[in-house]
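Fold and contact review
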Amino acid sequence: MGTGARALATEAVHAGRDDLARQGLHAPPIDLSTTYPSYDSRGEAARIDAFATDGAEPEGPPVYGRLGNPTVARFETALARLEGTESAVAFASGMAALSAVLLVRNAMGLRHVVAVRPLYGCSDHLLTAGLLGSEVTWVDPAGIEDALRPDTGLVLVESPANPTLAELDLRAIAHACGSVPLLADNTFATPVLQRPVESGARLVLHSATKYLGGHGDVMAGVVACDEEFAGRLRQVRFATGGVLHPLAGYLLLRGLSTLPVRVRAASSNAAELARRLAADPRVARVHYPRLGGAMIAFEIHGDPHEVIASVRLITPAVSLGSVDTLIQHPASISHRIVDAEDRRGSGVSDRLLRLSVGLEDVEDLWRDLDGALGAGRGSGGLRKPALR
């Protein structure tokens, strides 16, 4: 359910737009201004001082595009309503959003992160390389509590995980975190399938480039959280300049209106394709989450590169969550940046393919996938694949 008595599908259509009819508008306006006139410099100074104190959104007229934008604010309001949080803060990309979270904690002297693999490859690299001065301890879910230190600022998980679709018990993990904030990457599930704050997560991360936008034409990231943490994130966004363009904010708000319909339709296609892949002797194993969703990962007996080269309807490309179906080889692309031993240790094998299922007719998708699997055929008649 959404906030109050409104269902999630209703919130997806109306959140962030509730004031439009009273203004005589139907479509949300796009405010492209980078700066805003003000004849009250004392009042403007007071708003800037207030922002510097706690990062709260300035009351009254906007001040400058790096402090905030009215169009982007509409998307933030809507996403917070869908995730069930007080606030949300949008950024230029998902990696900018994650970087801002790390910088907030680092500024408090809490540089240690406990994380569970697999994560998105660039998230893994950002932590492992210590590019923002953070230090990471990689653990299994059962080892989270023992890995916590006085300087632990964050526990980071992704469920379902990219790209293996492994699922975690977020409620148990949140309990193990104690007072340390749990950041759950909810990009694959979206608030349509799961709302991590209901299981105890304090922070919810999205690469909004994916399902929230939904059409492969916008790049963005967003963190849904309580207002206290949101204030700190806004201050980091202002200082680092990782702002979201107003047109991207508009496209994301538009994307949210069809999010429940898109996710459910694509999930129906994915469930059917997962069933067929699990019965195919060319496929060694299928990973499909109990939660459902539009993502499938599967390992084949043959050459995954030949499958990539042989699709015709399905698009061989990185990213996911679009209305069209995409396929990629994680070991070569999305997780190439992760050390090979760490990559394989977290279940990302060299024969694993990741499929982001779209809204095409499922029979057309299967026809294309079936032909591509034929091109990448290995030894037939091997062990029956396991669906999980």
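First, a word on scope: everything that follows refers to the structure included in this document.

On to the overall build of the chain, then. Secondary structure assignment for the chain yields 14 helices and 13 strands. Taken across its 388 residues, the chain has 54% of its residues classed as buried. Partitioning the intrachain contacts of the chain with sequence separation of at least 6 by distance along the chain shows that 71% fall at a separation of at least 24. Summed over all atoms, the accessible surface of the chain reaches about 16,300 Å², with 53% contributed by carbon and sulfur.

Here we come to the environment of A278. With respect to the element layout, A278 can be found in helix α11 (residues 259-278). Residues A278 and F298 lie 20 residues apart in sequence; the distance between their C-alpha atoms is 8.7 Å.

Attention shifts here to the nonpolar core. Formed by 38 residues in total, the largest nonpolar core has its most connected members in F75, L212, V222, L252 and L259. Elements that contribute at least two residues to this core include exactly α1 (8-14), α3 (70-83), β1 (87-91), β7 (221-225), α10 (246-257), α11 and β9 (295-300). Dropping the residues within four chain positions of it, L259 is found in contact with L82, T190, P191, V192, Y211 and L212.

This part covers the packing of helix α4 (residues 94-107) against helix α9 (residues 227-240). Relative orientation of the contacting elements α4 and α9 amounts to 105°, with a least axis distance of 9 Å. Classified by the angle their axes make, α4 and α9 are roughly perpendicular. Counting all contacts with α4, which are made through A100, V101, L103, V104 and R105, the residues of α9 involved are F229, R232, L233, V236 and T240.

Next up on the list: the sheet that holds β7. Paired through backbone hydrogen bonds, the strands of a sheet run either parallel or antiparallel to each other. Read from one edge to the other, the open sheet built from seven strands follows the order β1-β7-β6-β5-β4-β2-β3, with strand pairing classed as mixed. In this open sheet, the two strands that pair with only one neighbour each are β1 and β3 (135-138). Neighbouring strand axes in the sheet, compared pairwise and without regard to direction, differ in orientation by 20° on average. Pairing geometry for strand β2 (residues 112-115) and strand β4 (residues 152-158), over four bridges, is parallel. Its bridge partner lying in β4, H112 is registered against T152. Running at roughly 130° to β1, α3 makes contact with β1, β6 (203-206) and β7 of the sheet. Set on the sheet, helix α7 (residues 170-177) makes contact with β4 and β5 (182-185); between it and β5 the angle comes to about 155°.

Glancing now at α4. Here α4 contains 14 residues, and its C-alpha end-to-end distance of 20 Å stays within 8% of the 20 Å for a straight helix at 1.5 Å per residue. Taking burial as the measure, the 14 residues of α4 include ten buried ones, the bulk of the element. What α4 keeps buried is the set G94, A97, L98, S99, A100, V101, L102, V104, R105 and N106. Of the residues flanking the end of α4, it is G109, one or two places downstream, whose phi is positive at about 80°.

Judged by side-chain polarity, I30, L32 and L247 come together as a nonpolar surface patch covering roughly 260 Å² of accessible area. By secondary structure assignment, the location of I30 is in the loop between α1 and α2 (41-54).

To continue, consider the side chain of N69. Along the chain, N69 turns up in the loop between α2 and α3. For N69, a relative accessible area of 9% gives the class buried. Among the polar contacts listed, one links the side chain of N69 to the backbone nitrogen of T71, at a separation of 2.8 Å. In this structure N69 touches D31, S33, Y36 and P246, once residues within four positions along its chain are discounted.

This model, assessed by the stated rule, comprises one aromatic pair. Judged by centre distance (5.7 Å) and plane angle (75°), the ring pair of F51 and F238 falls under edge-to-face. You can see F51 sitting in helix α2 and its partner F238 sitting in helix α9, a full 187 residues away along the chain. Take F238: its relative accessible area is 28%, and that puts it in the partly exposed class.

What follows covers the state of the cysteines. By definition, a disulfide links the sulfur atoms of two cysteine residues through a covalent bond. Counted under the stated rule, the structure contains zero disulfides. Sulfur of C177: no disulfide; nearest cysteine sulfur belongs to C225 and is 16 Å away. Judged by its relative accessible area of 2%, C177 falls in the buried class.

For the rest of this paragraph, the subject is the side chain of S99. By secondary structure assignment, the location of S99 is in helix α4. The buried category is assigned to S99, whose relative accessible area is 18%.

Across its 14 residues, α9 extends 20 Å between first and last C-alpha, which sits within 8% of the 20 Å expected from 1.5 Å per residue. The complete set of buried residues in α9 reads F229, A230, G231, L233, R234, V236 and R237. On the buried face of α9, the contacting elements are α2, α3, β1, α4, β6 and β7. One side-chain oxygen at the N-terminal end of α9 lies 3.2 Å from the backbone nitrogen of E228; it belongs to D226. A positive phi of about 80° marks G241, the residue just after α9.

With that settled, the discussion passes to the packing of α2 against α9. Interhelical geometry of α2 versus α9 gives an angle of 115° and a closest axis separation of 8 Å. Taken together, α2 and α9 sit at an angle that is classed as roughly perpendicular. Listed contacts from α9 to F51, A52, T53 and D54 of α2 are G231, R232, R234, Q235 and F238. Of the residues that constitute the contact of α2 with α9, the class distribution is three nonpolar, three polar and three charged.

Rules used throughout
- Residues numbered from 1 in each chain as written.
- Predicted model: local features only at pLDDT ≥ 70, side-chain atom pairs only at ≥ 80, totals over all residues.
- Heavy atoms only, no water.
- Helix = DSSP H or I, 4+ residues; strand = E, 2+ residues; numbered from the N terminus.
- Buried < 20%, exposed > 50% of the residue type's maximum accessible area, 1.4 Å probe, protein only.
- Contact = heavy atoms within 4.5 Å.
- Areas by Shrake-Rupley, 256 points an atom, 1.4 Å probe, with all protein chains shown as cover.
- Core = buried A, V, L, I, M, F, W, Y, C linked by side-chain atoms within 4.5 Å.
- Axes fitted to C-alpha atoms, helices over the stretch in contact; angles between N-to-C directions.
- Parallel < 35°, antiparallel > 145°, perpendicular 65-115°, else oblique.
- Pairing = 2+ DSSP bridges.
- Expected span 1.5 Å × (residues − 1).
- Patch = residues over 30% accessible without salt bridge, like charges linked within 9 Å, V, L, I, M, F, W, Y side chains within 5 Å.
- Salt bridge = Lys/Arg side-chain N within 4 Å of Asp/Glu carboxyl O.
- Polar contact = N/O pair within 3.5 Å; in protein donor to acceptor, adjacent residues only side chain to side chain.
- Phe/Tyr/Trp six-rings, centres within 6.5 Å; stacked < 30°, edge-to-face > 60°.
- Disulfide = S-S within 2.5 Å.
- Nonpolar A, V, L, I, M, F, W, Y, C, P; charged D, E, K, R; others polar.

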